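# What the coordinates show
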Protein chains: 2
Amino acid sequence: MQGIDLDKRGELPLYEYLYRSIRDQVVDGRIASEERLPSRRALAERLGVSVVTVEGAYAQLVAEGYVVARPRRGYYAASLPSPPDMACAVPVASDKCPGEGLLAEDRPATGAVKYDLAHGASVASSGAARLWERSLRDVIAHEPDDVLYRMPTARGVPRLREAIAAHLARSRGMSVNPERIVIGAGAQVLYGLVAQLLREAGSVGVEDPGYARASETYRAHGLDVRYLPLDLEGVSSHALRTSGVAVAHVMPSHQFPTGRVMSVARRYELLGWAAEKPGRFIVEDDYDCELRLAGRPIPALASIDAAGSVVYLNTFSKSLSSALRIAYLVLPASLDAAFDERLGFLSTTVPAIDQVALARALESGAYERHVARYRRDMREVRDALVEGILDGPAGSRVRIEEADSGIHFVLAVDDDGRGERGIASAARGAGVGLAPLSSFAHVPEHAAGSDGRARFVVQYDGLSEESARAAARALESVL
Amino acid sequence: MQGIDLDKRGELPLYEYLYRSIRDQVVDGRIASEERLPSRRALAERLGVSVVTVEGAYAQLVAEGYVVARPRRGYYAASLPSPPDMACAVPVASDKCPGEGLLAEDRPATGAVKYDLAHGASVASSGAARLWERSLRDVIAHEPDDVLYRMPTARGVPRLREAIAAHLARSRGMSVNPERIVIGAGAQVLYGLVAQLLREAGSVGVEDPGYARASETYRAHGLDVRYLPLDLEGVSSHALRTSGVAVAHVMPSHQFPTGRVMSVARRYELLGWAAEKPGRFIVEDDYDCELRLAGRPIPALASIDAAGSVVYLNTFSKSLSSALRIAYLVLPASLDAAFDERLGFLSTTVPAIDQVALARALESGAYERHVARYRRDMREVRDALVEGILDGPAGSRVRIEEADSGIHFVLAVDDDGRGERGIASAARGAGVGLAPLSSFAHVPEHAAGSDGRARFVVQYDGLSEESARAAARALESVL
């Protein structure tokens, strides 16, 4: 490790600066692969900062995969594959991330289920609803008909696309050309555009377990869908390479449903795969990175994409409401002309009024304040639920996995022979909806853990702190 | 012709009852094909009604193709092909029709063009904007979050679908099951759903000249597009039969851009073609029938579709604003289950708030009052424009075609050798945008008239009465 000059940190917090400095040294090789890092205490003393500061930076580096923590041995730099072009490959970090999710949509009637942890919130948070109302009233009162009732261009209202680019820069450290942003009425509409744009690829690889609406959309557009298993670092590179696909749809920041964060090594592998042959593309579905509850968000694949292979996709469904139907994608330069040529005839799918209303909310900072509040609220709900479960009588038999990277986590339970379905059924009897992880897998083996635990995807954004505690109590008898 | 008992007319106006009676007799064969009808005067005397009443009924029958007028010889019943099932084939008439258009979208900068007759209105009418604002404010003030911020089901908010079904019954005499209505963010989204639903057909026939956004959408979804020429009765049956397609996209009420109304005979031929083989479907694009400016609207193909072959499609783009992005389709019973199976995973593409706002406007009658006012306004604009052109010095060299069936018409000009492009260029020099009919044709021969006239599609919904008069004056020097 080279020296770190704290005087150069400008206005960055110590923790942030330390994290960035070490990350950059790992990425550009100044810290060699497998090099041992100083202990937390040693580095804190050397730099004259508190151990807590170093701990925070190391934890983030470990979470993102730049650094590996080996119990009782210390911290080591990860070995990263060469990215396509190192000159452009330094990720830009930041402390928030944009977008939202696509998951909480048309759920079945849940019978006697009192606490539905199997689905996301069915109605927007009150904060999101009030924000949206204010924005709508504002635009109706202040914007001329010529703006609100004029058909936007195919890619959407320029003002909104500029506001999104500014938001991505502020909150996710991404540098995005607003011209390349395409607004659409929900992530599915955008998956459909991707399918039309990349039709010649013929097939697409998706993560399994994964998000069925994405694979169904690709299939409905005539693409052959190949299901790729995950390992702990993310989608399996081996499976990707042997699948024969030219397009991979992944959720690196917070995989749904496993909640896993793709390691940095795997990210570079993926980019390397895409850069090997023309016509290979990665669809980065960044649906809820904005709602990461602890630490910084993982830099987007699109930020370190030197070859122009990444279609970045995000939505306002999780942070505001899926009922608003607003999402966006960012085209890589390599698809810019193809989009105009093949899909430039399209009309936008989002009403002009809504596009302007969202632009105002982004411009005024109201959106970012809402997200910060919402994330705080969600952290409290999660803490109440997690503590309720761990502090209960079954606490020793359960494990909470991936609770920080977004607003769902995985509950792993020692399987006493009932199996995932049996436990879910018992939970339903106790008034709690629980979705087995395996219910999100197309190939059953892709959901099987090797540790004999039954796993459940817990979506808690429909709960309050209070109902989270009650849900945990209701689960006691079941677990 | 059998006797017509005026005592049975109930509350129908005489004109309406007379029209219906004769139409039904033509359809069910009580008036034989090619049978000569009584003269207007003779029938008026026989029934004891005014000649004007009979004239009105005959004019409507001629417009819809049930009756043929032969100059100096009189009126004859048309020869209608057998519909698939005569028992269900009697059209239900009414005096209005629903829907709106899809045309006035992202237009290029028009330079020095002061009166743009080449494109529809670029901004909604003030009446439409005020109606929408009121509806939005109302729903924000009065509807709960649980309604406005909850993700609707795949087909859309049930309340809106019921309001649309009631509106179709009232205004277009259509009997539609609300369950079969699918809401979508504009006609293009719905064309896309049709393409996904009927993917196996492999190809689709479209009218040529026609609506490029429809054919482009089909092509982007991987369907092979075949361009079918029109004759004066509508899309050529011969071309349809030899094209090899299983799906035909047509605009029977008001073909864009020719403005032609498909004859009843051709309608039955089309339905007969579809009923001959399973897997054949007709997409009826009824984009602006609501804005027919004189006489009654032509009954929808879907109303006389006994075999369940018609996907009915309509939009609120013309009657309200294309910037609102709301359209709908009505599935035939035969595609109901297939939709759920293949596309049931989809999320709706129209925000819940907008769906509820439109439902309120339909329920309260505000929408229908707006359309009636708007149609009145458009009639005045059209009259000012048409009279201005016909009364000008070039009046004898031009002909206005299809001015009643919707809010555009065709201007036919004696070609003095300049050709359509030359005249359009001269018009542009005089500050008037004029779109040659041929610019809407994929196959140039499909747009060529046989009478040596240059033709232009005139979209006047962006004009006021005053600017229509000014546009007519500006055209004087050109024509």
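## Some remarks on the interface of chain A and chain B
Contacts between chain A and chain B engage 51 residues on the former and 51 residues on the latter. For the interface between chain A and chain B, the tally reads two salt bridges. Of the charged contacts in the structure, one is a salt bridge between Asp 145 of chain B and Arg 130 of chain A, with a shortest N-O distance of 2.7 Å. Seen at the junction of chain A and chain B, the total is 23 residue pairs in polar contact (both at pLDDT 80 or more). Counting only elements with at least two residues in the side of chain A that touches chain B, the list comes to α4 (126-142), α5 (145-148), α7 (187-197), α8 (212-220), α11 (333-343) and α12 (352-364) of chain A. Examining the composition of the side of chain A that touches chain B, we find that eight residues originate from one element, α4 of chain A, more than from any other. Of the residues belonging to the side of chain A that touches chain B, the class tally is 24 nonpolar, 13 polar and 14 charged.

## Section: the relation of the copies chain A and chain B
Between the two copies of the chain lies a relationship made up of a rotation around an axis and a movement along it. With an RMSD of 0.3 Å, chain A superimposes on chain B once it is rotated by 180 degrees and translated 0.1 Å along the axis. The two molecules are tied by a two-fold rotation axis, judged by turn and shift. Among all residues of chain A, the minimum C-alpha distance to the rotation axis is found for His 221 of chain A, at 3.4 Å. When the interface residues of chain A are mapped onto chain B, 100% of them again lie at the interface, so the same face is used by both copies.

## Some points on the domain arrangement of chain A
For chain A, the domain assignment lists domain 1 (8-77), domain 2 (107-124 + 372-476) and domain 3 (127-368). One C-alpha centre belongs to domain 1 of chain A, the other to domain 2 of chain A, and the line joining them spans 33 Å.

## Comments concerning unusual backbone geometry
Residue and element names in this part refer to chain A. Residue Asp 208 is joined to Pro 209 through a cis peptide bond whose omega torsion reads 0 degrees. Here Pro 209 shows up in the loop between β5 (203-208) and α8. Positive phi, close to 60 degrees, is recorded for Arg 325, a residue that is not glycine. Structurally, Arg 325 is set in the loop between β10 (310-315) and β11 (327-330). Overall, the relative accessible area of 3% leaves Arg 325 in the buried class.

## Observations concerning the sheet that holds β5 of chain A
Residues and elements named next belong to chain A. Ordered by their spatial adjacency, eight strands build an open sheet running β4-β11-β10-β9-β8-β5-β6-β7, and the pairing between neighbours is mixed. The sheet is open, and its two borders are formed by β4 (181-184) and β7 (234-235), each paired with just one other strand. The pairing of β5 with strand β6 (residues 224-231) spans six bridges and is parallel. Bridging across to β6, Ser 203 finds its partner in Asp 224. Contacts from α8 reach β5, β6, β8 (247-250) and β9 (281-285) within the one sheet, and its direction differs from that of β6 by about 155 degrees.

About the criteria used
- For every chain, the first residue of the written sequence is number 1, and numbering continues from 1 onward in sequence order.
- In the order they appear in the text, chains get letters beginning with A and ligands get numbers beginning with 1.
- It should be noted that, the model being predicted, local features are given only for residues of pLDDT at least 70 and side-chain atom pairs only at 80 or more, the latter also being counted only at that level, while totals for whole chains, interfaces and linings use all residues.
- As a rule here, side-chain values cover all heavy atoms of the structure and leave hydrogens and water aside.
- Should any heavy atoms of two residues lie within 4.5 Å, those residues are counted as being in contact.
- By convention in these notes, a salt bridge is any Lys or Arg side-chain nitrogen within 4 Å of a carboxyl oxygen on Asp or Glu.
- We call two N or O atoms a polar contact when they sit within 3.5 Å, provided that within protein one can donate a hydrogen and the other can accept it, with sequence-adjacent residues counted only if both atoms are side-chain atoms.
- Under the scheme used here, helices are H or I runs from DSSP no shorter than 4 residues and strands are E runs no shorter than 2 residues, and both carry numbers assigned from the N terminus.
- Under the scheme applied here, ten amino acids are nonpolar (Ala, Val, Leu, Ile, Met, Phe, Trp, Tyr, Cys and Pro), four are charged (Asp, Glu, Lys and Arg), and all others, including Gly, are polar.
- Only residues with pLDDT of at least 70 in both copies count here: their C-alpha atoms drive the least-squares fit that superposes the copies.
- Throughout the structure description, domain borders are defined by an automatic or database domain assignment.
- Burial classes: relative accessible area under 20% of the type maximum marks a residue as buried, over 50% as exposed, and values in between as partly exposed (1.4 Å probe, protein chains only).
- What makes two strands pair is DSSP finding at least two bridges between them.
- The convention used is that axes are lines fitted to C-alpha atoms, helices contributing only their stretch in contact, and that angles between N-to-C directions extend from 0 to 180 degrees.

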